[in-house]
Amino acid sequence: MSGEFKEAFEKTRIAGIVAAGALEEVSKIAKPGISTNKIDRLCYEYINDNGAYSAPLFYRGFPKSCCTSANHVVCHGIPSDKILIEGDIINVDVTAFKDGWHGDTSKTFEIGDVSVKAKKLVKTTYDAMMKSIRIVKEGLHLGDIGATIQNHVEKEGFSVVQDFCGHGIGEMFHKEPNVLHYGKKGTGEKLKAGMIFTIEPMINLGNFETKTLKDGWTAVTKDKSLSAQFEHTIGVTKDGCEIFTLI
């Protein structure tokens, strides 16, 4: 790998570990009775204490340090006084900006005992992300990532959100390429070693359609069905990829 790629990978790895660490801290408090504001404060303080900045804070006017998307919220949920209760599922999406580079990751947490359907949705979403990550290497088409996710998800009876996608990341928070979570094998841009992007499927229990609320951020399922999401930041290598947001 060239020196240019090596530096980008090293810096993304450092930012990614901070972001992953924030989610690890969230896992310790993600229980019934916790407010989403408390999750937000924890993420802000953890990221700050590790010499990084919470990239979502004030990004295009977003008012908080992380996104908290519960139940039928697909993504970009704004932390508030909302109290989590037994049976909720909630995605927490964090991005650490450290030494000029970003690390972006999210996880859906089960709050107490959740329904069998919710458990299956969460597991299917995670498995779809990991199946797609395992095939990434130089020369793969972007469409192969989307097809792998879509095939797995639809086989389990769920639907893939099409209004939001993964994205290139590095010194910029969001950039090319757009990484769709649905598609056809053998289509789209070919991956090159050194590319860094997120894979972050949003999967719905019901229909794939979404709408954005009046706050301009919060995206929800149109049919009010549950939605789950997981996300990793990865870097493409000649024969595979590196996940930067693991600890």
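This section reports on the structure supplied with the text. (Residues numbered from 1 in each chain as written. Predicted model: local features only at pLDDT ≥ 70, side-chain atom pairs only at ≥ 80, totals over all residues. Heavy atoms only, no water.)

1. Things to note about the sheet that holds strand β13 (residues 227–229)
As a general point, the strands of a sheet are linked pairwise by backbone hydrogen bonds and lie either parallel or antiparallel.
So, point 1. Reading across from one edge, β6-β10-β13 is the order of the three strands in this open sheet, with antiparallel pairing throughout. Because the sheet does not close on itself, it has two edges, and the strands there are β6 (159–160) and β13.
So, point 2. Note: strand β10 (residues 202–204) against β13, three bridges, orientation antiparallel. Residue pairing in the sheet places I203 in a bridge with A228 of β13.
So, point 3. Here helix α3 (residues 116–135) sits on the sheet in contact with β10 and β13, set at roughly 35° to β13. (Pairing = 2+ DSSP bridges. Helix = DSSP H or I, 4+ residues; strand = E, 2+ residues; numbered from the N terminus. Contact = heavy atoms within 4.5 Å. Axes fitted to C-alpha atoms, helices over the stretch in contact; angles between N-to-C directions.)

2. Quick notes on the pattern of salt bridges
So, point 1. Going through the model one piece at a time under the given rule, you end up with seven salt bridges.
So, point 2. A salt bridge links E25 to K28; the nearest nitrogen and oxygen atoms lie 2.9 Å apart. Linking E25 with K28, this pair stays in helix α1 (residues 3–29), spanning three residues, or about one helical turn.
So, point 3. We note a salt bridge from E138 to K238, for which the minimum N-O separation is 3.0 Å. With E138 in the loop between α3 and α4 (142–155) and K238 in the loop between β14 (232–236) and β15 (241–243), this pair connects stretches of sequence that are 100 residues apart.
So, point 4. The class of K238 is exposed, set by a relative accessible area of 60%. (Salt bridge = Lys/Arg side-chain N within 4 Å of Asp/Glu carboxyl O. Buried < 20%, exposed > 50% of the residue type's maximum accessible area, 1.4 Å probe, protein only.)

3. Regarding α4
So, point 1. Look at α4: 21 Å from first C-alpha to last across 14 residues, which is about the 20 Å you get at 1.5 Å a residue.
So, point 2. For α4, the tally of buried residues reaches eleven of 14 residues, placing the bulk of the element in the interior.
So, point 3. Those residues of α4 lying buried are L142, G143, D144, I145, G146, A147, T148, I149, Q150, H152 and V153.
So, point 4. In this fold, the buried residues of α4 make contact with α3, β6, β8 (175–179), β9 (196–199) and β10. (Expected span 1.5 Å × (residues − 1).)

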